Amino acid sequence: MMAPPGSVVRLWSGATTTLDSGDGEETTLLLPPDDPSDNPAGNSGAAVFTRGGDRLGTVWLGAYAAIRR
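What comes next concerns the included structure. (Residues numbered from 1 in each chain as written. Predicted model: local features only at pLDDT ≥ 70, side-chain atom pairs only at ≥ 80, totals over all residues. Heavy atoms only, no water.)

## Re the overall build of the chain
Consideration 1: For the chain, the count of helices and strands is one helix and four strands.
Consideration 2: Reading the helices (α) and strands (β) of the chain from amino to carboxyl end gives β-β-β-β-α.
Consideration 3: Within the span of the chain, comprising 69 residues, buried residues form 20% of the whole.
Consideration 4: Restricting to contacts in the chain with at least 6 residues of sequence separation, those with at least 24 account for 36%.
Consideration 5: Carbon together with sulfur atoms contributes 54% to the accessible area of the chain, which is approximately 5,000 Å² in total. (Helix = DSSP H or I, 4+ residues; strand = E, 2+ residues; numbered from the N terminus. Buried < 20%, exposed > 50% of the residue type's maximum accessible area, 1.4 Å probe, protein only. Contact = heavy atoms within 4.5 Å. Areas by Shrake-Rupley, 256 points an atom, 1.4 Å probe, with all protein chains shown as cover.)

## Some points on the nonpolar core
Consideration 1: Within the largest apolar cluster, five residues are counted, these being Ala-3, Val-9, Leu-11, Ala-46 and Val-48.
Consideration 2: Those residues within four positions of Val-9 in sequence are excluded, and the remaining contacts are Met-1, Ala-3, Thr-18, Leu-19, Asp-20, Leu-29, Ala-47 and Val-48. (Core = buried A, V, L, I, M, F, W, Y, C linked by side-chain atoms within 4.5 Å.)

## Notes on the environment of Ala-46
Consideration 1: Its place among the elements puts Ala-46 in strand 3 (residues 44–50).
Consideration 2: Along the backbone, Ala-46 and Ser-13 are 33 residues apart, and their C-alpha atoms lie at a distance of 9.1 Å.

## Examining the pairing of strand 2 (residues 16–21)
Consideration 1: In the sheet, strand 1 (residues 8–13) pairs with strand 2 via six bridges, with the strands oriented antiparallel. Considered in strand 2, the bridge of Trp-12 is made with Thr-17.
Consideration 2: The hairpin turn running from strand 1 into strand 2, its antiparallel successor, is two residues long, and Gly-14 in that turn takes a positive phi close to 65 degrees. (Pairing = 2+ DSSP bridges.)

## A few points about a nonpolar patch on the surface
Consideration 1: A grouping of Val-8, Leu-19 and Phe-49 is seen on the molecular surface, where their side chains present a nonpolar patch of about 250 Å² in accessible area.
Consideration 2: Relative to the helices and strands, Leu-19 is located in strand 2. (Patch = residues over 30% accessible without salt bridge, like charges linked within 9 Å, V, L, I, M, F, W, Y side chains within 5 Å. Salt bridge = Lys/Arg side-chain N within 4 Å of Asp/Glu carboxyl O.)

## A look at the environment of Glu-26
Consideration 1: With respect to the helices and strands, the residue Glu-26 is situated in the loop between strand 2 and strand 3.
Consideration 2: In this structure the C-alpha to C-alpha distance between Glu-26 and Ala-3, which are 23 residues apart in sequence, comes to 7.4 Å.
Consideration 3: Every residue in contact with Glu-26, bar those within four places of it in the chain, is listed here: Met-1 and Met-2.

As structure tokens, then:
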């Protein structure tokens, strides 16, 4: 994934989340591990937020963004 400098990258797996920042360089970010106590476990995705608004979304967020086009 490559995110613009100053952007925020949020990854999630169930209720477990991570927060990273973009620096414009290509990098690989791993999803956080599933918490077996999560209900429902296995729901995961990623979103990149910039000052200009949502830039990239995956899984349900990607489907939502596609509806707005």
